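Letter by letter, the chains look like this.
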Amino acid sequence: MTSELIFVGLGLSGTDGMTVKALEALKQCDKIYAEFYTSMLIGTKPEDLEKVIGKKIKVLYRSQVEETDDIIKDALEMRVGFVTAGDTMSATTHVDLRIQAAEAGIPVRMFHGISIFSACPTSLGLQHYKFGRAVTLPFLEDDWHPKSPYDHIMENKRMGLHTMILLDIRADEMRYMNAHQAIEWLMKGEEKWGEGLIDDRTLLCVVSRAGSPDEKVFAGYPQDLMKMDLGEPLQTLVLPGKLHFMEQFALVRFAGAPEEIIEDE
């Protein structure tokens with residue numbers, strides 16, 4: 001058998017989100033692993049992928065990827081596929097796995113997929129190069145409210161940059177933070193630290209189920225969004241920085257932002 005490790009990004013939703021080349025590569029694999037704790041593949045079960053690929057898929061938890069060497073051992077003796085939602089190298093765990101393969105002398109191929117990092121700005125009409133560091137909000141539990149996400153968003157805001165805010169996923173518990181919880185997270189953070197990150201007139205954007213047939217986008221002020229049905233998880237929040245006039249028009253026309261955000265030139 002051929003020794004090889006193939007990384008495949010499946011895209012954001014459905015069994016048809018991967019490239020044709022990726023599908024053909026997976027059909028040639030002797031064994032396929034998957035992880036969906038980083039992000040889930042919207043509207044798709046592992047069994048759906050198995051039918052399309054024609055092979056069984058072993059779904060792993062985070063600890064199985066990070067703490068065991070099953071994938072590397074198998075890839076030393078056969079062609080192994082490793083599939084994830086989104087793009088294939090968006091998580092440091094996957095980069096680490098690629099490094100392990102390189103150190104073991106295992107040939108690696110990668111097939112990229114659409115990720116939230118490109119889809120979210122596109123759906124809102126925001127310019128990709130105006131985004132700063134992306135931030136993940138963790139669930140609030142037992143009054144645990146870390147300040148670092150607040151600080152990173154604040155740093156982007158001071159530079160006039162947009163922030164893509166990723167929402168916590170607990171795949172093993174089937175828990176997915178929603179946009180309402182994320183907005184509440186930010187408002188509680190402002191009450192606690194009071195550095196001017198967010199107030200009643202701060203524009204926020206929400207992309208719900210990006211890349212799926214039922215994708216929805218919204219833009220508005222916090223209290224207005226809190227009263228709205230923002231769709232089903234997965235959701236992504238964006239706190240815009242300084243908006244170009246084209247971005248202002250895009251958010252009004254595409255996402256229902258208040259027309260007052262359009263500044264007179």
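Residues numbered from 1 in each chain as written. Predicted model: local features only at pLDDT ≥ 70, side-chain atom pairs only at ≥ 80, totals over all residues. Heavy atoms only, no water.

### Topic: the overall build of the protein chain
Here is the rule we go by: Each helix is a run of H or I in the DSSP string that is no shorter than four residues. Each strand is a run of E no shorter than two, and both are numbered from the N terminus. With C-alpha atoms as the basis for the radius of gyration, the globule rule is written as 2.2 Å multiplied by the number of residues raised to the power 0.38. Summary of the burial criterion: residues with accessible area below 20% of their type's maximum are buried, those above 50% are exposed, and those between are partly exposed, where the area comes from a 1.4 Å probe applied to protein chains only. When charges are counted, Lys and Arg are positive and Asp and Glu negative, with His and the chain ends excluded. One atom stands in for each charge, and that atom is NZ of Lys, CZ of Arg, CG of Asp or CD of Glu.
A count of helices and strands for the protein chain gives 10 helices and 12 strands. Computed over C-alpha atoms, the radius of gyration of the protein chain comes to 20 Å, within 12% of the 18 Å expected from 2.2 N^0.38 for 265 residues, which places it in the range of a compact globule. Taken along its principal axes, the extent of the C-alpha atoms in the protein chain is 65 × 40 × 30 Å. Per-residue burial for the protein chain yields a buried fraction of 51% across its 265 residues. The distance from the centre of the 28 positive side-chain charges to the centre of the 42 negative ones in the protein chain is 3 Å.

### Side note on the environment of L197
Stated formally: Contacts between residues were defined by any pair of non-hydrogen atoms, one from each residue, lying within 4.5 Å.
If you trace the backbone, L197 turns up in the loop between α8 (179-193) and β10 (204-208). Discounting chain neighbours no more than four positions away, the residues touching L197 are Y150, I153, M154, K157, L186, E190, T202 and L239.

### Re the sheet that holds β10
Defined as follows: Strands pair, by our definition, only if DSSP identifies at least two bridges between them. Orientation is described by lines fitted to C-alpha atoms, with helices fitted over the stretch in contact, and by angles between N-to-C directions that extend from 0 to 180 degrees.
Pairing in this open sheet of five strands is mixed, and the strands run β6-β7-β12-β10-β11 from one edge to the other. Pairing within the sheet leaves two strands with one partner each, and these edge strands are β6 (135-137) and β11 (216-220). Along the sheet, successive strands turn relative to each other by an average axial angle of 25°, direction set aside. Along the sheet face, helix α7 (residues 148-158) touches β6, β7 (163-167) and β12 (235-239) and points at about 145° away from the line of β6. Lying on the sheet, helix α10 (residues 245-255) is in contact with β10 and β11; it crosses β11 at an angle near 125°.

### Considering the pattern of salt bridges
Under the convention used in this document: The rule for a salt bridge is simple: a side-chain nitrogen of Lys or Arg has to be within 4 Å of a carboxyl oxygen of Asp or Glu.
The final tally for this structure, using the stated rule, is 17 salt bridges. With its nearest N and O atoms 3.0 Å apart, the salt bridge here joins R209 to D214. In this structure R209 comes out as buried when scored by relative accessible area, which is 14%. As a salt-bridge pair, R253 and E259 come within 3.6 Å of each other at their nearest N and O atoms. Each of E141, D168, R170 and R175 takes part in a single network of salt bridges with overlapping partners.

### Remarks on α10
Taken together, the buried positions of α10 are occupied by E247, Q248, A250, L251, V252 and A255. Trailing α10 by a residue or two, G256 shows a phi angle of about 75°, which is positive.

### A short note on the sheet that holds strand β5 (residues 108-111)
Reading across from one edge, β3-β2-β4-β1-β5 is the order of the five strands in this open sheet, with parallel pairing throughout. Lying at the two open borders of the sheet, with one neighbouring strand each, are β3 (57-60) and β5. Strand-to-strand, the axes of this sheet are offset by a mean angle of 20°, without reference to chain direction. Examined bridge by bridge, strand β2 (residues 31-35) and β3 share four bridges and lie parallel to one another. The partner of I32 across the bridge, within β3, is I57. Across the sheet, helix α1 (residues 20-27) lies against β1 (4-9), β2, β4 (79-84) and β5, angled at about 140° from β5, the strand it touches most. Strands β2 and β3 of the sheet are contacted by helix α2 (residues 46-53), whose axis makes an angle of about 150° with β3.

### Some thoughts on α1
Selection rule: An arc is given here, and it is the one of the directions from the helix axis to the C-beta atoms.
Turning to α1, its buried residues number three or more, namely A22, L23, A25 and L26. Buried positions in α1, seen along its axis, are confined to an arc of 160° and lie on one side of it. Set apart from the buried face of α1 by more than 90 degrees, the exposed residues are V20 and K21. Among the structural elements, β1, β2, α2, β4 and β5 are those in contact with the buried residues of α1.

### A word on the environment of T92
Checked against the element boundaries, T92 lands in helix α5 (residues 92-103). For the pair formed by T92 and L166, sequence separation is 74 residues and the distance between their alpha carbons is 15 Å.

### A look at the packing of α7 against α8
Counted only if it meets this: Small angles under 35 degrees read as roughly parallel and large ones over 145 as roughly antiparallel, with 65 to 115 read as roughly perpendicular and the rest as oblique.
In the contact formed by α7 and α8, the axes pass within 10 Å of each other and the chain directions differ by 90°. When the axis of α7 is compared with that of α8, the two are roughly perpendicular. Note on element contacts: α8 touches α7 through W185, L186, G189, E190 and W193, opposite P149, Y150 and I153.

### Some words on the packing of aromatic side chains
Our working rule: Aromatic pairs are defined between Phe, Tyr and Trp rings, using the six-membered ring for Trp, whenever the two ring centres lie within 6.5 Å; interplanar angles under 30 degrees are classed as stacked, those over 60 as edge-to-face, and all others as tilted.
Counted according to the given criterion, the structure contains two aromatic pairs. Here the aromatic rings of F7 and F82 are separated by 5.9 Å at their centres, their planes lie at 80°, and the arrangement is edge-to-face. In this pair, F7 is assigned in strand β1 and F82 in strand β4, connecting sequence segments 75 residues apart. No difference in accessibility class separates F7 from F82, as the two residues are buried.

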